[in-house]
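Listed below, chain by chain, are the residues.
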Amino acid sequence: MELQPPPPRSPQPEGCLTVAIRIPLRIVVLVLVVPVRMAWDALVVAGRFLRDTVFRPLGRALLWAGKALFVWPFVGLWRYVLVPVGKALAWLCTVLVVVPAVWFHRHVLTPVGHAVAWLARGVGAGLGWVYARVLLPVGRAVAWLLRGIGAVLAAVGIGVYTAVAWLVRYLLVVPARWLYDWVLAPVGRAVAWGVRGLGRLLGVIATGIGVALYWILRVLFVLPALALWRWILAPVGRFLAVVAREVGDALGHAWRIAGRISRAVGRALGTLFRWIFVEPVRWVYRTVLTPVGHVVRDAVLRPVAEGARVVGRAVREALAGARETVRQARADFRRMLFGEPRRPAPVDRREPQGPATRTLGGSRTALTKD
C-alpha cells in the first residue's frame, strides 16, 4: 500500500490590513537595509582580499615557522638521538638482563623446579596413602557414632517439641483467639463505622466549601481573565503576529533585493575601475612599455651583456696567465735557493727485464725463480 502525499495547503486569505501594512513596510525596510547590505558586501570583499593576500600567506609562514621551531627539532631528536639510544639500551638490556635471565631459568630454575615437583609428587603419594589407610576408616567410624548420637537427640527433641507445642496452643493461642473473636473484632468494627461516618460528614463539608470557592474564583478571576484573553489579548496578538510576519518577509525580500543592488553597484564600480585604471595601464604596457623594453633589450642590454662576457673572458685569461707566471717565478726562485729536487730512487719490483717475460705456465716468475 503506497502512502499518498498530503494535499498542499491552500494559501490563507489575506485581509486588507495585511495588504495595507505590507507595501509601506517593505519600502521602509528596503531603504534601511540597502546601506547595511552594501556595507556587508564591502566587508565580505575586504575580508576575502585580506584572507587571500594576508592571512593565508601569514598562516602558511607561521605553520612553516612552527614546524621549523617545534616539529622538525623533535623529529630530528627522535630519529637521530632517541631511536639509536633506545636501540642501544634495548641491546644492552638484552645482553645484560634477558640472556642471563634465560640462562638462569634454563640451567638453574628448571632443574630445581623438576626436583621440587618430584619431591611434591612423593609427599602427595605418602599423604594419599595416609588418608586412604588411616584417616578414612577413622572418619567413617566417627561419622557412624555421630549419626547414632544424632538419632537419639532427634527423638528427644521431637518429644520436647510436641509437649511445648501442646502447652503453647492451649495456654496462649486458644485464649488469644477467643479474645480477638469476642472482644477486639466487635470493638474494631464499631470504631471503623464511626470513622467512616465522620469521614463522610467531613467530605460533604469539604465538597460544599470547594464548590463555593470554585464559583467565587470563577466569577472573580477566570471569567474576567477569559474575557481579557478573548476580546483584548488574542486580537492584539494576532495583529502583532501579522506585523512580525510581514516584518520578517519584508526583511528577507529587502535583503535579497539589496544583494542584487549591491552586486550591480559592485559590478559597475569594477567596470569603472577597469575602464579608468586597468585598461589604460594595460594599453600603456602593451603599446609603449613592451616595445620600449624590447628596443632597450636588443639595443642596450644584449650588447652590454656580450661586452661584459668578452671582458670577463679576457680578465679570466689575464688572471690565468698571471697565476702561471707567478707559479713559474716561484719554482725558479725555489730551484735557485735549494737546487734541483731529488728524484725518487727506482724500486726493484723483481720484474723480469728484456724479452724474458713472465708466463703463467713457466717457472721463471718473480716468486718462483731462484
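Here is what the cut-offs are and how they apply
Residues numbered from 1 in each chain as written. Predicted model: local features only at pLDDT ≥ 70, side-chain atom pairs only at ≥ 80, totals over all residues. Heavy atoms only, no water. Helix = DSSP H or I, 4+ residues; strand = E, 2+ residues; numbered from the N terminus. Buried < 20%, exposed > 50% of the residue type's maximum accessible area, 1.4 Å probe, protein only. Areas by Shrake-Rupley, 256 points an atom, 1.4 Å probe, with all protein chains shown as cover. Salt bridge = Lys/Arg side-chain N within 4 Å of Asp/Glu carboxyl O. Patch = residues over 30% accessible without salt bridge, like charges linked within 9 Å, V, L, I, M, F, W, Y side chains within 5 Å. Lys, Arg positive; Asp, Glu negative; His and termini not counted. Charge placed at Lys NZ, Arg CZ, Asp CG, Glu CD. Phe/Tyr/Trp six-rings, centres within 6.5 Å; stacked < 30°, edge-to-face > 60°. Lys NZ or Arg CZ within 6 Å of the ring centre and 35° of its normal. Contact = heavy atoms within 4.5 Å. pLDDT = per-residue confidence, 0-100.

1. Topic: the overall build of the chain
For step 1, the next point in the chain: Helix and strand counts for the chain stand at one helix and zero strands.
For step 2, the next point in the chain: Relative to its 370 residues, the chain shows a buried fraction of 5%.
For step 3, the next point in the chain: Surface summary for the chain: the accessible area is close to 32,400 Å², and the carbon and sulfur share equals 73%.

2. Brief notes about the pattern of salt bridges
For step 1, the next point in the chain: Counting across every chain of the model gives eight salt bridges.
For step 2, the next point in the chain: Among the ionic pairs, Arg-37 bridges to Asp-41, the shortest N-O distance being 3.2 Å. In this pair, Arg-37 and Asp-41 are both assigned in helix 1 (residues 16-338), four residues apart and thus about one turn of the helix distant. Asp-41 matches Arg-37 in its accessibility class, with the two residues each being buried.

3. Thoughts on a positive patch on the surface
For step 1, the next point in the chain: A grouping of Arg-256, Arg-260, Arg-263 and Arg-267 is seen on the molecular surface, where their side chains present a positively charged patch.
For step 2, the next point in the chain: Structurally, Arg-260 can be placed in helix 1.
For step 3, the next point in the chain: The exposure class assigned to Arg-260 is exposed, which follows from its relative accessible area of 63%.

4. Considerations on the packing of aromatic side chains
For step 1, the next point in the chain: One pass over the structure, following the stated rule, counts four aromatic pairs.
For step 2, the next point in the chain: Relative to Trp-72, the ring of Trp-64 lies with its centre 5.9 Å away and its plane at 85 degrees, an arrangement referred to as edge-to-face.
For step 3, the next point in the chain: What makes Trp-72 partly exposed here is its relative accessible area of 43%.
For step 4, the next point in the chain: Ring centres of Tyr-214 and Trp-215 lie 5.6 Å apart, and the angle between their planes is 75 degrees; on these two criteria the pair is classed as edge-to-face.
For step 5, the next point in the chain: The exposure class assigned to Tyr-214 is partly exposed, which follows from its relative accessible area of 46%.
For step 6, the next point in the chain: Above the plane of the ring of Tyr-170 lies Arg-169, whose end atom (NZ or CZ) is 5.9 Å from the centre.

5. Considerations on the side chain of Ser-262
For step 1, the next point in the chain: Along the polypeptide, Ser-262 turns up in helix 1.
For step 2, the next point in the chain: When residues no more than four places from it in sequence are discounted, the contact partners of Ser-262 are Arg-37, Met-38 and Asp-41.

6. Observations concerning the confidence of the model for the chain
For step 1, the next point in the chain: Overall, the predicted model of the chain reaches an average pLDDT of 82, with 85% of residues at or above 70.
For step 2, the next point in the chain: Contacts for the low-pLDDT stretch residues 1-13, under 50 throughout, to residues beyond four places or in other chains number zero contacts.

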